[in-house]
Amino acid sequence: MKTASLGILGVGHLASYTVTGLRKSGDPRTITLSPRNAETAQKLAKSFQCNVAENNQAVVNNSDIVLLSVRPGQLESLLKDLKFKPEQLVISTIAGVTLQQLKQYPALKETTLIRTLISASAEVGAGAIPLYPTNQIAETLLSGGGNVVVLESEALFDIALAHGCLHGWSYFLIQELIDWSVHQGMSPETARSMVVHSISSAIELGESRPEQSYGDIGKAIATPGTFTLRGINQIKANHGIQAWRDAMDSICQ
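First, a word on scope: everything that follows refers to the structure included in this document.

Rules used throughout
- Residues numbered from 1 in each chain as written.
- Predicted model: local features only at pLDDT ≥ 70, side-chain atom pairs only at ≥ 80, totals over all residues.
- Heavy atoms only, no water.
- Helix = DSSP H or I, 4+ residues; strand = E, 2+ residues; numbered from the N terminus.
- Buried < 20%, exposed > 50% of the residue type's maximum accessible area, 1.4 Å probe, protein only.
- Contact = heavy atoms within 4.5 Å.
- Areas by Shrake-Rupley, 256 points an atom, 1.4 Å probe, with all protein chains shown as cover.
- Lys, Arg positive; Asp, Glu negative; His and termini not counted.
- Charge placed at Lys NZ, Arg CZ, Asp CG, Glu CD.
- Axes fitted to C-alpha atoms, helices over the stretch in contact; angles between N-to-C directions.
- Parallel < 35°, antiparallel > 145°, perpendicular 65-115°, else oblique.
- Left-handed = near helix turned anticlockwise from the far one by under 90°.
- Nonpolar A, V, L, I, M, F, W, Y, C, P; charged D, E, K, R; others polar.
- Phe/Tyr/Trp six-rings, centres within 6.5 Å; stacked < 30°, edge-to-face > 60°.
- Lys NZ or Arg CZ within 6 Å of the ring centre and 35° of its normal.
- Core = buried A, V, L, I, M, F, W, Y, C linked by side-chain atoms within 4.5 Å.
- Patch = residues over 30% accessible without salt bridge, like charges linked within 9 Å, V, L, I, M, F, W, Y side chains within 5 Å.
- Salt bridge = Lys/Arg side-chain N within 4 Å of Asp/Glu carboxyl O.

## Remarks on the overall build of the protein
For the protein, the count of helices and strands is 11 helices and 8 strands. Based on the C-alpha atoms only, the size of the protein along its principal axes is roughly 65 × 35 × 35 Å. Here the protein holds 253 residues, and the buried ones make up 36% of them. Restricting to contacts in the protein with at least 6 residues of sequence separation, those with at least 24 account for 53%. Just so you have it, the protein exposes about 15,200 Å², and 56% of that area is on carbon and sulfur atoms. Here the protein contributes 20 positive and 22 negative side-chain charges, whose respective centroids are spaced 3 Å apart.

## Points about the packing of helix α7 (residues 157-183) against helix α8 (residues 188-207)
Where α7 meets α8, the axes come as close as 9 Å, and the angle between the chain directions of the two elements is 135°. With respect to α8, the element α7 is oriented oblique. In this structure, the crossing between α7 and α8 has a hand that is right-handed. Residue-level inspection shows Ile-174, Leu-177, Ile-178, Ser-181 and Val-182 of α7 in contact with α8, the latter providing Pro-188, Ala-191, Arg-192, Val-195, Val-196 and Ile-199. Per-class residue counts for the contact of α7 with α8 are 9 nonpolar, 1 polar and 1 charged.

## Some thoughts on the packing of aromatic side chains
Tallied over the full model, the rule gives 1 aromatic pair. Both rings, one in Trp-169 and one in Trp-244, keep their centres 6.3 Å apart while their planes meet at 65°; by these two values the pair is edge-to-face. With Trp-169 in helix α7 and Trp-244 in helix α11 (residues 240-252), the pair connects residues that are 75 residues apart, well separated along the chain. Overall, the relative accessible area of 31% leaves Trp-244 in the partly exposed class. Looking at Arg-115, its charged tip hangs above the ring of Phe-157, at a distance of 4.2 Å from the centre.

## Brief notes about the nonpolar core
Core analysis: the biggest nonpolar cluster contains 27 residues, and Leu-6, Ile-8, Val-19, Ile-31, Leu-33 and Ile-91 have the highest contact counts within it. Within the residue set of this core, elements represented by two or more residues are β1 (6-9), α1 (13-24), β2 (31-33), α2 (38-48), β4 (65-68), β5 (89-92), β7 (128-132) and α6 (136-142). In terms of residues, this core owes the most to one element, α2, which gives 4 residues. In contact with Ile-31, not counting residues within four places along its chain, are Leu-6, Ile-8, Val-19, Leu-22, Arg-23, Cys-50 and Asn-51. Membership of the second largest hydrophobic core comes to 21 residues, among which are Leu-9, Ala-58, Val-90 and Leu-108.

## Some points on a nonpolar patch on the surface
On the surface, Leu-166, Leu-173, Leu-177, Ile-199, Ile-203, Tyr-214 and Trp-244 cluster together to form a nonpolar patch covering roughly 560 Å² of accessible area. Residue assignment for the nonpolar patch shows that the elements contributing at least two residues are α7 and α8. Looking at the element boundaries, Tyr-214 is found in helix α9 (residues 214-221). What makes Tyr-214 partly exposed here is its relative accessible area of 44%.

## A look at the pattern of salt bridges
Per the counting criterion, the structure on display carries 2 salt bridges. In this structure, Arg-29 and Asp-27 form a salt bridge, with 3.0 Å as the shortest nitrogen-oxygen distance. When sorted by exposure, Arg-29 lands in the same class as Asp-27, which is buried. The residue Arg-115 makes a salt bridge to Glu-154 at a minimum N-O spacing of 3.0 Å. Separated by 39 residues along the polypeptide, Arg-115 in strand β6 (residues 112-116) and Glu-154 in the loop between β8 (147-150) and α7 bring together distant segments of the chain.

## Re the side chain of Ser-181
Turning to its location among the elements, Ser-181 is positioned in helix α7. Look at Ser-181 and you get buried, because its relative accessible area is 8%. For Ser-181, the residues in contact, after removing those within four places along its chain, are Met-186, Ala-191 and Val-195.

Interpretation note: all reported values are geometric properties and have no functional meaning in isolation.
Quick look at the structure:
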């Protein structure tokens, strides 16, 4: 059975993450890129055996699946003169633009529309990739970039967007802890290894115990008299945990 070909309209960071993740996962499908961001498109074409189309309509014509990865403000001008095939699968990565809003564009009225969000970790085939509604072809495609999570409703995309931001915030937390460790006298290499493995090993242990919540595992470690309990109480007293919840709320609002 022939693998569905992919076309990407909007060749920026998201397209780069997607293409890199697909090729690293061994996905051999034909990928056609829009030509507007010529430098990035040519770089991806050379590194990951992609085709660069003459124009956006050629991307649509030559693809079974089309990925929309432009900014919201660019969507109207992108779709203005495009003609999609009836029932063509169109996957939108455009945050904040609903399926109902997408269906208002004449070019998309007869297509099969799906929403997703892709983070930088798709480049290494890791991280959560929210999807709505369920679609087996879309799931198969996106699974090359991480763990596809089918959402129960489109309304949950606001929460999924906060999770996507959480991914980005994590780098700042990790770097802050590395910098603190270096300030205490560790080499940058040792500090990075200690911090990264302290966090990743907590996740690995937590995922090995699906019958327990992360909170329960933490409480079993942070028992009275331990340095762990002293530290988490200090973080809570300074609203450290609440600050992360507040940041998540700010995205949803």
